[in-house]
Amino acid sequence: MLHIGILSDTHLSACTDLFQRQVRHAFSHCQAIIHAGDLVDQRILAAFSGQEVHAVHGNMCNTDTQAALPPHKTVGYGRFTIGICHGAGNRLTIEDRLLQLFPAVDCIVYGHTHIPRRTKIGNLLLLNPGSFRGTGRHGAMGTYAVLTIDEHRLSASLHELPADV
């Protein structure tokens, strides 16, 4: 069984102590990490030392990070294929655009909206981990997802970071 930690919209320019504590809390049991964009600076990926990392850039990333990371990518785990993209434009139609971008995958991971969402369309899983740093309205805590893959299926769970990490 494989556990993949998923986060997006960290909006960080440096790998802070708080971010590293939050990452350890959320993803210490994960073998791989997917960051769905808006890192701001790719140097924050250093927090995932020892884990396989897949990341894409978002609209808030600095120019070095945009040059180093793709806007979207596809990765495979066993018999499952995952499309990764930050997303852009109107959040009401973001999933429609992602379905066109990744017509033949088992899961689409995206960010941009800061709203955690896990939904199925037929056999396709759409997964938005929300904003890891809790940049949502009304002081919401940060959120993230964990994708679990075994030989027969993939499933996802959404989580909220505790305030005391």
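Computed from a prediction, not measured in an experiment: that's the story for all the values here. (Residues numbered from 1 in each chain as written. Predicted model: local features only at pLDDT ≥ 70, side-chain atom pairs only at ≥ 80, totals over all residues. Heavy atoms only, no water.)

Student: If you had to explain helix α1 (residues 17-27) to someone new, which residues and values would you point to?
Tutor: Taken together, the buried positions of α1 are Phe19, Gln22, Val23, Ala26 and Phe27. Each buried residue of α1 lies within a common arc of 100° when the element is viewed along its axis, so the set occupies one face. Counted as exposed and oriented over 90 degrees from the buried face of α1: Asp17 and Arg24. The inward-facing, buried residues of α1 contact β1 (2-7), β2 (32-35) and β9 (143-149). (Buried < 20%, exposed > 50% of the residue type's maximum accessible area, 1.4 Å probe, protein only. Helix = DSSP H or I, 4+ residues; strand = E, 2+ residues; numbered from the N terminus. Arc of directions from axis to C-beta. Contact = heavy atoms within 4.5 Å.)

Student: For the sheet that holds strand β8 (residues 124-128), give the residues involved together with the corresponding values.
Tutor: Two pairing modes exist for strands in a sheet, parallel and antiparallel, and in both the strands are linked by backbone hydrogen bonds. The strand order β4-β5-β6-β8-β7 describes an open sheet built from five strands, whose pairing is mixed. Either end of the sheet is taken by a strand with one partner, and the two such strands are β4 (72-77) and β7 (117-121). Neighbour to neighbour, the strand axes of the sheet diverge by 20° on average, direction disregarded. By the bridge criterion, five bridges tie β7 to β8 in an arrangement that is antiparallel. (Pairing = 2+ DSSP bridges. Axes fitted to C-alpha atoms, helices over the stretch in contact; angles between N-to-C directions.)

Student: Tell me about the sheet that holds strand β10 (residues 154-160), residues and numbers included.
Tutor: Here we have five strands laid out as an open sheet, ordered β3-β2-β1-β9-β10, and mixed in their pairing. Of all strands in the sheet, those bounded by a partner on one side alone are β3 (52-55) and β10. On average, each strand axis in the sheet is tilted by 20° relative to the strand beside it, whichever way the strands run. One ladder, built from four bridges, connects β2 with β3; its direction is parallel. By the bridge assignment for β3, His35 is matched with Ala55.

Student: Could you give an account of the environment of His159, with specific residues and numbers?
Tutor: Structurally, His159 can be placed in strand β10. Owing to a relative accessible area of 30%, His159 belongs among the partly exposed residues under this scheme. When residues no more than four places from it in sequence are discounted, the contact partners of His159 are Gly142, Thr143, Tyr144, Ala145 and Val146. Engagement of the side chain of His159 in a polar contact is seen with the side chain of Ser157, the distance being 2.7 Å. (Polar contact = N/O pair within 3.5 Å; in protein donor to acceptor, adjacent residues only side chain to side chain.)

Student: Tell me about the pattern of salt bridges, and please be specific about residues and values.
Tutor: Per the stated rule, a full pass over the model turns up two salt bridges. Asp41 is the salt-bridge partner of Arg43, the closest N and O atoms lying 2.9 Å from each other. For Arg117, the salt bridge identified is with Glu95, shortest N-O distance 2.6 Å. Highlighted residues: Arg117 in strand β7 and Glu95 in helix α3 (residues 94-101), separated in sequence by 22 residues. On the accessibility criterion, Arg117 (38% relative accessible area) is partly exposed. Residue classification places Glu95 among the buried positions, given a relative accessible area of 13%. (Salt bridge = Lys/Arg side-chain N within 4 Å of Asp/Glu carboxyl O.)

Student: Give me the lowdown on unusual backbone geometry, citing residues and values where you can.
Tutor: Note: most residues except glycine have negative phi, and most peptide bonds are trans. A positive phi is found at His112, a non-glycine position, where the angle reads about 80°. A relative accessible area of 21% places His112 in the partly exposed class. Of note in the backbone geometry, His114 takes a positive phi value of approximately 65° without being a glycine. Assignment of secondary structure puts His114 in the loop between β6 (107-110) and β7. The partly exposed category is assigned to His114, whose relative accessible area is 24%.

Function cannot be inferred from these measures alone, as they are strictly geometric.
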